[in-house]
Amino acid sequence: ARSLADRGAGVPCLVNDKASVFQASAAFHEAVQRLVASARDRLYIDCTCSGRARTEWILSQLSEQGRLKVFVVDDLDAEVARDIAVIDPRLEVIARPLGDFAQTVREPVHGVF
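Residues numbered from 1 in each chain as written. Predicted model: local features only at pLDDT ≥ 70, side-chain atom pairs only at ≥ 80, totals over all residues. Heavy atoms only, no water.

Can you break down the pattern of salt bridges residue by residue, with the values?
Following the criterion strictly, the structure yields eight salt bridges and no others. Where Arg 67 meets Glu 107, a salt bridge forms, and the shortest distance between an N and an O atom there is 2.7 Å. Here Arg 67 is found in strand β4 (residues 67-71), whereas its partner Glu 107 is found in the loop between α4 (101-104) and β6 (111-112), with 40 residues between them in sequence. Given a relative accessible area of 33%, Arg 67 falls into the partly exposed group. (Salt bridge = Lys/Arg side-chain N within 4 Å of Asp/Glu carboxyl O. Helix = DSSP H or I, 4+ residues; strand = E, 2+ residues; numbered from the N terminus. Buried < 20%, exposed > 50% of the residue type's maximum accessible area, 1.4 Å probe, protein only.)

Right under this line is the structure:
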């Protein structure tokens, strides 16, 4: 039977067991590392509403010139992201639905999570 578990980033998801949670997290980390490895100073967009831990981890993979914009629609997610942005100016919080992506992001984007 499937159960509701926490992915470790504040976002609930349906998984079969804790091993699935670990595998999903490991796959996410590997994907980010591969995408960012050759272009740590570019702009990336996070549409995963992934919470504090993942947002801070993505930022840790970027250079000082790299930037991350996060789309959030939930008030709590937006508050958490804004707290991070106060500490790390490379983060921009976009409190709009993903459907507004084209109107909101006008500059070249190297990758989207």
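So that's the structure; there's more coming.
Outline the environment of Asp 100, supporting the account with residue identities and numerical values.
Here Asp 100 is to be found in the loop between β5 (91-94) and α4. Its relative accessible area of 19% is what places Asp 100 among the buried residues.

Describe in detail the nonpolar core, supporting the description with residues and values.
Formed by 17 residues in total, the largest nonpolar core has its most connected members in Val 32, Tyr 44, Ile 58, Leu 68 and Phe 113. Within the residue set of this core, elements represented by two or more residues are α1 (18-36), α2 (51-61), β4 and α3 (75-87). Each residue touching Ile 58, except ones within four places of it in the same chain, is listed here: Phe 28, Val 32, Asp 46, Leu 68 and Phe 113. Residues Ile 45, Cys 47, Ile 94 and Val 105 belong to the second largest nonpolar core, which totals six residues. (Core = buried A, V, L, I, M, F, W, Y, C linked by side-chain atoms within 4.5 Å. Contact = heavy atoms within 4.5 Å.)

Go over the sheet that holds β5, please, and point to the residues and values.
An order of β5-β4-β3-β6 is seen for the four strands of this open sheet, with the pairing classed as parallel. The sheet terminates laterally at β5 and β6, the two strands that pair on one side only. Note that strand β3 (residues 43-46) and β6 share two bridges and pair parallel. Across the sheet, Ile 45 pairs through a bridge with Val 112, a residue of β6. Taken strand by strand, α3 contacts β4 and β5, and its axis lies near 155 degrees from that of β5. (Pairing = 2+ DSSP bridges. Axes fitted to C-alpha atoms, helices over the stretch in contact; angles between N-to-C directions.)

If you had to explain the packing of aromatic side chains to someone new, which residues and values would you point to?
Applying the stated criterion to the full structure yields two aromatic pairs. Ring geometry for Tyr 44 versus Phe 113: centroids 5.8 Å apart, planes at 15 degrees, classification stacked. Linking Tyr 44 in strand β3 with Phe 113 in the segment after β6, this pair joins segments that are 69 residues apart in sequence. The buried category is assigned to Tyr 44, whose relative accessible area is 0%. Aromatic side chains Phe 71 and Phe 101 sit 5.5 Å apart centroid to centroid with 20 degrees between the ring planes, which places their arrangement in the stacked category. (Phe/Tyr/Trp six-rings, centres within 6.5 Å; stacked < 30°, edge-to-face > 60°.)

Coordinates in, geometry out; function isn't part of it.
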